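# Structural characterization, general
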Amino acid sequence: MKKLINSPDTVVTDALAGMAAAHPSLAVDLENKIIVRAGGPTAGKVGLVSGGGSGHEPLHGGFVGYGMLDAAAAGEVFTSPVPDQMLAATKAVNGGAGVVHIVKNYTGDILNFQMAAELAEDEGIEVASVVINDDVAVQDSLYTAGRRGTGATVFAEKIAGALAERGGSLAEVAAVVAEVNERSRSFGVALTSCTVPAAGKPTFELAEAEIELGIGIHGEPGRTRAPLASVRDITAIALDAIGADIPLTGDLLVMVNGMGGTPLIELYGVFNEVDRYLAGPDVRIARNLVGNYITSLEMQGFSVTVCRLTDTLTELWDAPVDTPGLRWGR
């Protein structure tokens, strides 16, 4: 294992300390491993909290800031945060209007966020929890009952964050998270495994000319292993799977996401194929992201996420945002 770390035991706290040093707009509680906006909660504003295992950066800490999350809880690598972390994050962002938990559909996240919500409500904080389960690749995996939560998380955090900044109510902010999830689908592909620092060896093995179709962000198996093919053929497989689940028509928000080890020259090649695939009179890629947004350490591969936009969702997507991971309009 060759990694730029001091120790597997300190990799998360070292990274969190580095985030705090690099971004004065953030405040980091190293004891609880939570990242919040500096300056405390905004009175009367709905708070947005998410979180999950580390190793997926910039998700979630890189999306804390104006127009997105108010706080993120960081678990150990590929491991859910514990309820105490989520409770601390919830209390830190409570401005009196309630808090929305955006929860990816992984068993540990679901259980721990549910417990944190119950503890917060015991302290008088109203919490609305919404589960993201946009991955069409498999129905159940090593970590989930039902579909995994992946790329739609970025869309939900951005769009809900914009609505919260505008003064949306707890019910309205939770509803737009659910709407984005319902209108979004994702599919991922791995060319290589990754190495969790504490394990010191690759999570799984792929032959030199073999790929995993439908991979999860923790290295969970996908639909099938297949021979390496052209980017055109691989992208078509991903979009065929997405298109079998939702209509690929109208205005679309498309994210081509790198898994951590894929260079931009290849990601733009994927987006070129997405653009070719979706060419037609009744479909338009109205907005897009290309880059690393939900990673799996140094895994080579990509995921595609598609959201069917409405005028309101487009307006909220375009609203100003200022976070380490996304920034425009300010």
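Rules used in this analysis
Residues numbered from 1 in each chain as written. Predicted model: local features only at pLDDT ≥ 70, side-chain atom pairs only at ≥ 80, totals over all residues. Heavy atoms only, no water. Pairing = 2+ DSSP bridges. Helix = DSSP H or I, 4+ residues; strand = E, 2+ residues; numbered from the N terminus. Axes fitted to C-alpha atoms, helices over the stretch in contact; angles between N-to-C directions. 1 Å grid on protein atoms, 1.4 Å probe; cavity = no way out; pocket = protein on both sides within 12 Å on 5 of 7 lines; lining within 4 Å. Points joined across faces, edges and corners; volume = space filled by probe spheres on them. Nonpolar A, V, L, I, M, F, W, Y, C, P; charged D, E, K, R; others polar. Salt bridge = Lys/Arg side-chain N within 4 Å of Asp/Glu carboxyl O. Buried < 20%, exposed > 50% of the residue type's maximum accessible area, 1.4 Å probe, protein only. Right-handed = clockwise from strand over helix to strand, strands pointing away. Core = buried A, V, L, I, M, F, W, Y, C linked by side-chain atoms within 4.5 Å. Contact = heavy atoms within 4.5 Å.

So, on to the sheet that holds strand E7 (residues 184-190). Spatially, the six strands line up as an open sheet ordered E9-E8-E7-E12-E10-E11, and their pairing is mixed. Lying at the two open borders of the sheet, with one neighbouring strand each, are strand E9 (224-227) and strand E11 (283-291). With direction set aside, neighbouring strand axes in the sheet form an average angle of 20°. Note: strand E10 (residues 250-258) against strand E12 (residues 301-308), seven bridges, orientation antiparallel.

Right, let's talk about empty space enclosed by the protein for a bit. Following the criterion strictly, the structure yields one cavity of 30 Å³ or more and no others. Lining the largest cavity, in full, are Asp135, Thr150, Gly151, Ser186, Phe187, Gly188, Ile215, Ile217, Asn257, Met259, Ile294 and Ser303. In terms of residue count, E7 provides more of the lining of the largest cavity than any other element does, three residues in total. Taken together, the residues of the lining of the largest cavity break down into five nonpolar, six polar and one charged.

Under the counting rule described, the total for this entry stands at 19 salt bridges. The shortest N-O distance in the salt bridge between Glu273 and Arg232 comes to 2.9 Å. With a gap of 41 residues between them, Glu273 in helix H7 (residues 264-277) and Arg232 in helix H6 (residues 231-243) connect regions that are remote in the sequence. For Glu273, a relative accessible area of 8% puts it in the buried group. Taking the shortest distance from any N to any O, the salt bridge between Arg327 and Asp322 comes out at 2.9 Å. Using a relative accessible area of 29% as the deciding quantity, one classes Asp322 as partly exposed. Among the charged side chains, a salt-bridge network with shared partners connects Arg37, Lys45, Asp70 and Glu165.

Time to look at unusual backbone geometry. Cis peptide bonds are those with omega within 30 degrees of zero, and the linkage from Glu57 to Pro58 qualifies with 15°. The topology assignment puts Pro58 in the loop between strand E3 (47-54) and strand E4 (71-77). Following Leu59, the chain continues into His60 via a peptide bond in cis, with omega recorded as -10°. Inspection of the secondary structure assignment puts His60 in the loop between E3 and E4. Even without glycine at this site, Lys33 takes up a positive phi of about 55°. When you line up the elements, Lys33 lands in the loop between strand E1 (26-29) and strand E2 (34-37). Its identity is not glycine, yet Phe78 carries a phi of approximately 60°, on the positive side. Looking at the secondary structure, you find Phe78 in the loop between E4 and helix H2 (83-92). With relative accessibility at 10%, the residue Phe78 sits in the buried group.

Relative to strand E6 (residues 127-132), strand E5 (residues 99-104) runs parallel, the two sharing six bridges. Looking at the pairing, His101 lines up with Ser129 of E6. You can see the chain leave E5, run along helix H3 (residues 107-122) and come back into E6, and the turn it takes is right-handed.

One finds Leu48, Phe63, Val100, Val154, Val173, Val177 and Leu326 to be the most contacted residues of the largest nonpolar core, which totals 60 residues. Ranked by residues supplied to this core, first place goes to helix H4 (residues 152-165) with nine residues. If sequence neighbours within four positions are ignored, Val173 has contacts with Val46, Leu48, Val100, Ala160, Leu163, Ala164 and Gly168. Residues Val138, Phe187, Ala241 and Val306 belong to the second largest nonpolar core, which totals 28 residues.

Time to look at the sheet that holds E5. Pairing is mixed across the open sheet formed by six strands, whose spatial order is E1-E2-E4-E3-E5-E6. Where the open sheet ends on each side, the last strands, each with one partner, are E1 and E6. Strand-to-strand twist in this sheet, taken as the mean axis angle between neighbours without regard to direction, amounts to 20°. Packing of H3 onto the sheet brings it into contact with E3, E5 and E6, and relative to E5 it is tilted by some 165°. Strand contacts of H4: E2, E3, E5 and E6, with the helix running at about 160° to E3, the strand carrying the most contacts.

Just distances and angles here, no functional claims.
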